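A structural walkthrough
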Amino acid sequence: MTHAILSEVSHRPWPLPGGPWIMFQRWEDLLFAHWRVPTETLRSSVPRELEMDEFDGSAWVGMTPFHLTNLRPRFLPAIPGASSFLEMNFRTYVRVGDKPGIWFFSLDAANRLAVAAARLTYRLPYRNARMRMRRSDGWIHYESRRKGRPRAEFVARYRGVGEAWSPVAGTIEHFLTERYALYAMLGGGVLLRGEIHHPPWTIQLAEASIERNSVPAAHSLAVYGEPALLHYAAPQDTLIWPPVPLRP
């Protein structure tokens, strides 16, 4: 399976990392819910070492609830109790030089072991949450309630509609989905970049009804109203490399 993933690279914006990947994950039942946000609204919440990445003159933020499965380290079987869990990310889009990527405001997950490991190795702002997902009449019903403070919850239902396609370079869908790096802060102004690889995204338009979403407010960000864009993604197999410090 991983050989097939690694053989498909023509869609990448830069070559695969030189070292070995360290983790495999599958992302299932993923919703991309995106809002257009003025760049100045986000600038103070994103490290100055990162350039805000814009499309059509605006920054964008996304909520991405999904089901993570088949998590396993390289050469090892899945870790019992930590290989499958619900996760939801709140993110925006940034770049360092010619490498666009993702900046996470938060990553809520329903697995304490995974949260602790990601905080330690990637310095990512993972948070423990009580989460539940169920299917009913073709809809995915998703609930996330963060433990601790500040409180944050997300309650929604969603489904994919229409034909699936792979986003084309230059479109807003490509800008929002085809990202092969994440950024985090190590401390002392040192950035970390973690690279990932997967086949091109296959997405559909989505319908969603968001009952509650207090995640942006928990991060003092003004994100209101209905999402500007909604997409549903097919299962995505992903390889992850260890984070690397970016020295000035």
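Going by the structure above, here's the rest.
Here we summarise the structure given alongside this text. The structure presented is a predicted model; accordingly, all values stated were derived computationally and were not measured.

Here's the deal with the overall build of the protein chain
If you tally the helices and strands in the protein chain, you get five helices and 15 strands. By the compact-globule yardstick of 18 Å for 248 residues, the protein chain fits well, its C-alpha radius of gyration being 17 Å. Each of the 248 residues in the protein chain was classed as buried or not, and the buried ones make up 52%. Taking contacts inside the protein chain between residues at least 6 apart in sequence as the whole, the part at least 24 apart equals 69%. When the accessible surface of the protein chain is totalled, it reaches about 11500 Å², and 54% of it is carbon and sulfur.

A few points about the pattern of salt bridges
Throughout the structure, instances matching the rule amount to 14 salt bridges. With a closest N to O distance of 3.4 Å, arginine 36 and aspartate 56 form a salt bridge. Remark: aspartate 56 occurs in the loop between β3 (51–52) and β4 (59–73) and arginine 36 occurs in strand β2 (residues 30–37); sequence separation between them is 20 residues. Taking the relative accessible area as the measure of exposure, aspartate 56 reaches 59% and is therefore exposed. A salt bridge links glutamate 195 to lysine 99, with the nearest nitrogen and oxygen atoms 3.4 Å apart. On the criterion of sequence distance, the pair formed by glutamate 195 in strand β11 (residues 190–197) and lysine 99 in strand β6 (residues 99–109) is long-range, its members being 96 residues apart. What you see here is one network of salt bridges that share partners, running through Arg132, Glu143, Arg145, Glu153, Glu211 and Arg212.

What about the side chain of serine 144?
Secondary-structure assignment places serine 144 in strand β8 (residues 139–146). Apart from the residues lying within four places of it in its own chain, the contact partners of serine 144 are Met88, Asp108, Ala129, Arg130, Met131, Ala152, Glu153 and Phe154.

Considerations on the side chain of serine 106
Along the chain, serine 106 falls in strand β6. Side-chain polar atoms of serine 106 contact the side chain of arginine 146, separated by 3.1 Å. Ignoring any residue separated from it by four or fewer positions in sequence, one finds serine 106 in contact with Met88, Asn89, Phe90, Pro125, Arg146, Val215 and His219.

As for unusual backbone geometry
That bond from arginine 149 to proline 150 is cis: its omega, 0°, falls within 30 degrees of zero. The backbone of asparagine 70 shows a phi angle near 60°, a positive value even though the residue is not glycine. Here asparagine 70 is to be found in strand β4. On the basis of relative accessibility, which here comes to 38%, the residue asparagine 70 falls in the partly exposed class. Of note, aspartate 137 is a non-glycine position whose phi angle comes to about 55°, a positive value.

Observations concerning the environment of tyrosine 158
Note on placement: tyrosine 158 falls in strand β9 (residues 153–165). Here tyrosine 158 falls in the buried class, since its relative accessible area comes to 0%. Along the chain, tyrosine 158 and serine 84 lie 74 residues apart, while their C-alpha atoms are 21 Å from each other. Not counting the four nearest positions on each side in its chain, tyrosine 158 is found in contact with Asp29, Leu30, Leu31, Pro65, Trp139, Ile140, Tyr142, Glu207, Ala208 and Tyr232. Reaching out from tyrosine 158, the side chain makes a polar contact with the backbone oxygen of aspartate 29 at a distance of 2.7 Å.

Some remarks on the packing of aromatic side chains
Taken as a whole and assessed by the stated rule, the structure comprises eight aromatic pairs. Consider the rings of phenylalanine 55 and phenylalanine 175, whose centres lie 5.4 Å apart with planes at 45°: the pair is tilted. Residue phenylalanine 55 is located in the loop between β3 and β4, and its partner phenylalanine 175 is located in helix α4 (residues 172–177); the two are separated by 120 residues in the primary sequence. Owing to a relative accessible area of 23%, phenylalanine 55 belongs among the partly exposed residues under this scheme. Against the face of tryptophan 139 rests arginine 157, its NZ or CZ located 4.1 Å from the ring centre.

Analysis parameters
- Residues numbered from 1 in each chain as written.
- Predicted model: local features only at pLDDT ≥ 70, side-chain atom pairs only at ≥ 80, totals over all residues.
- Heavy atoms only, no water.
- Helix = DSSP H or I, 4+ residues; strand = E, 2+ residues; numbered from the N terminus.
- Rg over C-alpha atoms; globule rule 2.2 N^0.38 Å.
- Buried < 20%, exposed > 50% of the residue type's maximum accessible area, 1.4 Å probe, protein only.
- Contact = heavy atoms within 4.5 Å.
- Areas by Shrake-Rupley, 256 points an atom, 1.4 Å probe, with all protein chains shown as cover.
- Salt bridge = Lys/Arg side-chain N within 4 Å of Asp/Glu carboxyl O.
- Polar contact = N/O pair within 3.5 Å; in protein donor to acceptor, adjacent residues only side chain to side chain.
- Phe/Tyr/Trp six-rings, centres within 6.5 Å; stacked < 30°, edge-to-face > 60°.
- Lys NZ or Arg CZ within 6 Å of the ring centre and 35° of its normal.

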